[in-house]
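Architecture and fold: a report
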Amino acid sequence: MKNTVVTFKEAKQKGEKLTMLTAYDYSTAKLIDESGVNSILVGDSLGNVILGYEDTISVTMEDMIHHGAAVARGAKNALVVVDMPFMSYQTSVYDAVVNAGRLMKEGRAGAVKLEGGEEVCPQIKAITAAGIPVVAHLGLTPQSIHAFGGHKVQGKTESAAKKILEDAKAVELAGAFALVLECVPAKLAELVTKNISIPTIGIGAGNVCDGQVLVYQDMLGMFSDFTPKFVKKFANVGEVMTNAFQEYIKAVGDGTFPGKEHEYTLSDDVLEKLY
């Protein structure tokens, strides 16, 4: 069954947990989609895990459109959410609507995600008014990593926690249909979840959120540059891949690959005419 914004709303009402994973290409999206996940996030985390950047700042609209469209072609049932990259929406409401529209038209997104609270509510209102579903994102917002001074848990002081709670209510009022909470204390995430009617999707925010999201390379042990505390490795696919690559190198080196079963034949009659 196709997942939509209605799926998210009904899950919150019924107390059913939502699942979201990242993907950045067709074949991975197809596998994740077939597993039955509710949503696939084409995150600007592709800057780290796909493009090798140190952060998400350098990711462009063209990057997001390119990868979003590839994922959309592989996802038949999951709701595809595409991140709005750094400076694609902060500059003005007009830019936000235009770029969100590009992600829908060219990137084939089912929804867009942007970071920030009350300060981006005008953008959220305008984007949703244009008929584009929006997921909000609070807590550790990677596009603001330099302002935070690194990867740090957010909302640990009274004022910071109050700001996150107020921002959550603001983005809901502005029209966001879901809210990602990243790297915030579990008790704060629980308070936010209970105080808004839209579903919360946690990443490093405890298990009381209405759903969870992980970067698939993290949960499969495929990305080792940095592993956050909140990541659980559900399989060590990275090790399996490395072993397979090494076996391939060995097989090519010792001549056992390709074998006869991998060859195409040519009749002797044809072969004789070549001499």
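Since we're looking at a predicted model, the values are computed, not measured. (Residues numbered from 1 in each chain as written. Predicted model: local features only at pLDDT ≥ 70, side-chain atom pairs only at ≥ 80, totals over all residues. Heavy atoms only, no water.)

What follows covers the pattern of salt bridges. Inspection of every chain in the model, using the stated rule, returns 10 salt bridges. Here D210 makes a salt bridge to K12, at a shortest N to O gap of 2.8 Å. In this pair, D210 is assigned in the loop between β7 (200–203) and β8 (211–214) and K12 in helix α1 (residues 5–14), connecting sequence segments 198 residues apart. The exposure classification of D210 matches that of K12, with both residues buried. Residue K194 is joined to E190 by a salt bridge in which the shortest nitrogen-to-oxygen separation is 3.1 Å. Within this pair, K194 and its partner E190 are both found in helix α9 (residues 186–195), separated by four residues, close to a single helical turn. Judged by its relative accessible area of 62%, K194 falls in the exposed class. (Salt bridge = Lys/Arg side-chain N within 4 Å of Asp/Glu carboxyl O. Helix = DSSP H or I, 4+ residues; strand = E, 2+ residues; numbered from the N terminus. Buried < 20%, exposed > 50% of the residue type's maximum accessible area, 1.4 Å probe, protein only.)

This part covers unusual backbone geometry. Following F257, the chain continues into P258 via a peptide bond in cis, with omega recorded as 0°. Topologically, P258 is positioned in the loop between α11 (237–254) and α12 (268–272). At M87, a position not held by glycine, the phi torsion is positive, near 70°. Here M87 shows up in the loop between β3 (79–83) and α5 (93–105). Of the residues examined, M87 reaches a relative accessible area of 42% and is grouped as partly exposed. Notably, C183 is not glycine yet its phi reads approximately 55°, a positive angle. Looking at where C183 falls in the secondary structure, it is placed in the loop between β6 (178–182) and α9.

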